[in-house]
Amino acid sequence: MSTEHSSPTDDADLEFDPAELQALRERVAELEETVADGDDGTKMTIVATQGSFDMAYPPLILASTAAAFGWDVVVFHTFWGLDILHEEKSAGLKLSAVGNPNMPVPNAIAALPGMDTVATKLMQKRIDDNGTATIEELIDLSLESGVDLQACQMTIELMDYDEDDFYDGVTTGVGAATALQHMADSDIQLLV
């Protein structure tokens with residue numbers, strides 16, 4: 001057994017192909033530019049199916065945050081989730097007190113008339129006191145950030161909504177096939 005130690009690559013043995021070295025330099029420059037732009041090409045699709053007051057926040061917060069990272073974001077609103085984008089209905093979304101495991105009251109009390117209104121008012125007060133954005137502010141922020149907020153065409157027809165009922169900037173007339181294609185092309189898919 002020899003005690004001599006030789007490096008498999010001594011500096012004298014290293015030879016660089018100038019074309020390969022140039023290609024590496026160009027690739028590094030390209031990657032640095034991508035990082036500087038904040039656009040890493042990540043795509044995310046969120047499907048929003050619930051339209052209660054508390055369930056309006058997760059898709060909008062996630063979408064606006066992802067857009068701030070430079071991601072391509074689509075939020076496909078279907079069934080009750082469509083009410084989040086409906087100008088009139090989104091202003092009246094309620095927090096359901098019944099069956100909500102985080103409510104500090106038993107279901108028998110939560111089922112009393114007016115408890116959903118009380119729960120909603122309490123949550124709205126907490127949101128105001130905390131300085132958290134409203135649903136309308138999050139919709140505006142998402143749209144300004146380039147998030148594509150989509151309204152399911154079948155649900156628009158099912159609920160007998162008019163395309164003019166939605167916030168300006170909402171993409172209407174989107175079918176399930178279009179939504180599925182974006183999901184298939186996305187790196188991240190979320191069902192909220």
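Just so we're clear, the structure is a prediction, and the values are computed from it rather than from any experiment. (Residues numbered from 1 in each chain as written. Predicted model: local features only at pLDDT ≥ 70, side-chain atom pairs only at ≥ 80, totals over all residues. Heavy atoms only, no water.)

(A) Representation of the packing of aromatic side chains. For the structure on display, the rule yields 3 aromatic pairs. Seen from their ring centres, Phe53 and Tyr57 are 5.8 Å apart, and the 70 degrees between their planes marks the pair as edge-to-face. With Phe53 and Tyr57 both in helix H2 (residues 53-68), this residue pair falls 4 residues apart, about one helical turn. A residue is classified by how much of its surface remains accessible, and Phe53, at 6% relative accessible area, is buried. Judged by centre distance (5.8 Å) and plane angle (50 degrees), the ring pair of Phe69 and Trp71 falls under tilted. (Phe/Tyr/Trp six-rings, centres within 6.5 Å; stacked < 30°, edge-to-face > 60°. Helix = DSSP H or I, 4+ residues; strand = E, 2+ residues; numbered from the N terminus. Buried < 20%, exposed > 50% of the residue type's maximum accessible area, 1.4 Å probe, protein only.)

(B) Inspection of the pairing of strand S4 (residues 171-174) at higher detail. Examined bridge by bridge, strand S3 (residues 148-152) and S4 share 2 bridges and lie parallel to one another. Each bridged residue has a counterpart across the sheet, and for Cys152 the counterpart in S4 is Val174. Between the parallel pair S3 and S4, the chain is carried across by helix H7 (residues 153-158), and the sense of this crossover is right-handed. (Pairing = 2+ DSSP bridges. Right-handed = clockwise from strand over helix to strand, strands pointing away.)

(C) Broad picture of the nonpolar core. Core analysis: the largest hydrophobic core is formed by 35 residues, its most contacted members being Val75, Ile135 and Leu149. Those elements that place two or more of their residues in this core are strand S1 (43-48), H2, strand S2 (72-77), helix H5 (115-130), helix H6 (135-144) and S3. Here this core takes 7 residues from H2, the largest share from any one element. Beyond its immediate stretch of four places on either side in the chain, Ile135 contacts Phe53, Ala56, Tyr57, Leu60, Ile84 and Leu93. (Core = buried A, V, L, I, M, F, W, Y, C linked by side-chain atoms within 4.5 Å. Contact = heavy atoms within 4.5 Å.)

(D) Structural detail: a negative patch on the surface. On the surface, a cluster of negative charge is made up of Glu87, Glu136, Glu137, Asp140, Glu144 and Asp168. It is H6 that contributes the most residues to the negative patch, 4 residues altogether. One can find Asp140 in helix H6. We classify Asp140 as partly exposed; its relative accessible area is 34%. (Patch = residues over 30% accessible without salt bridge, like charges linked within 9 Å, V, L, I, M, F, W, Y side chains within 5 Å. Areas by Shrake-Rupley, 256 points an atom, 1.4 Å probe, with all protein chains shown as cover. Salt bridge = Lys/Arg side-chain N within 4 Å of Asp/Glu carboxyl O. Lys, Arg positive; Asp, Glu negative; His and termini not counted. Charge placed at Lys NZ, Arg CZ, Asp CG, Glu CD.)

(E) A look at the sheet that holds S1. If you trace the 5 strands from one edge of the open sheet to the other, you get S4-S3-S2-S1-S5, paired in parallel fashion. Edge strands, defined here as strands with exactly one partner in the open sheet, are S4 and strand S5 (188-191). Each adjacent strand pair in this sheet contributes to an overall mean axis angle of 25 degrees, direction not counted. Against the sheet, helix H8 (residues 176-185) makes contact with S1, S2, S4 and S5, and its axis sits at roughly 140 degrees relative to S1, the strand it touches most. (Axes fitted to C-alpha atoms, helices over the stretch in contact; angles between N-to-C directions.)

(F) View of H6. Of the residues making up H6, those classed as buried are Ile135, Leu138, Ile139 and Ser142. In an axial view of H6, the angular spread of the buried residues amounts to 105 degrees, which keeps them on one side of the axis. (Arc of directions from axis to C-beta.)

(G) Spotlight on a nonpolar patch on the surface. On the surface, Phe79, Trp80, Met154 and Leu158 cluster together into a nonpolar patch covering about 450 Å² of accessible area. Using a relative accessible area of 37% as the deciding quantity, one classes Phe79 as partly exposed.

(H) Representation of the pattern of salt bridges. By the definition in use, this model includes 1 salt bridge. Among the salt bridges present, the one from Asp129 reaches Lys125, with a minimum N-O distance of 2.7 Å. One end of the pair, Asp129, and the other, Lys125, are both in helix H5, 4 residues apart, so they sit about a helical turn from each other. Classification of Lys125 as partly exposed rests on a relative accessible area of 49%.

(I) Examining the pairing of S1 more closely. S1 sits mainly inside the fold: 5 of its 6 residues count as buried. Pairing of S1 with S2, which is carried by 6 bridges, proceeds in the parallel orientation. By the bridge assignment for S2, Val47 is matched with Phe76. For the handedness criterion, the β-α-β arrangement of S1, H2 and S2 is classed as right-handed.

(J) Main features of the side chain of His86. Positionally, His86 belongs in the loop between S2 and helix H3 (87-90). Beyond its immediate stretch of four places on either side in the chain, His86 contacts Tyr161, Asp165, Phe166 and Tyr167.

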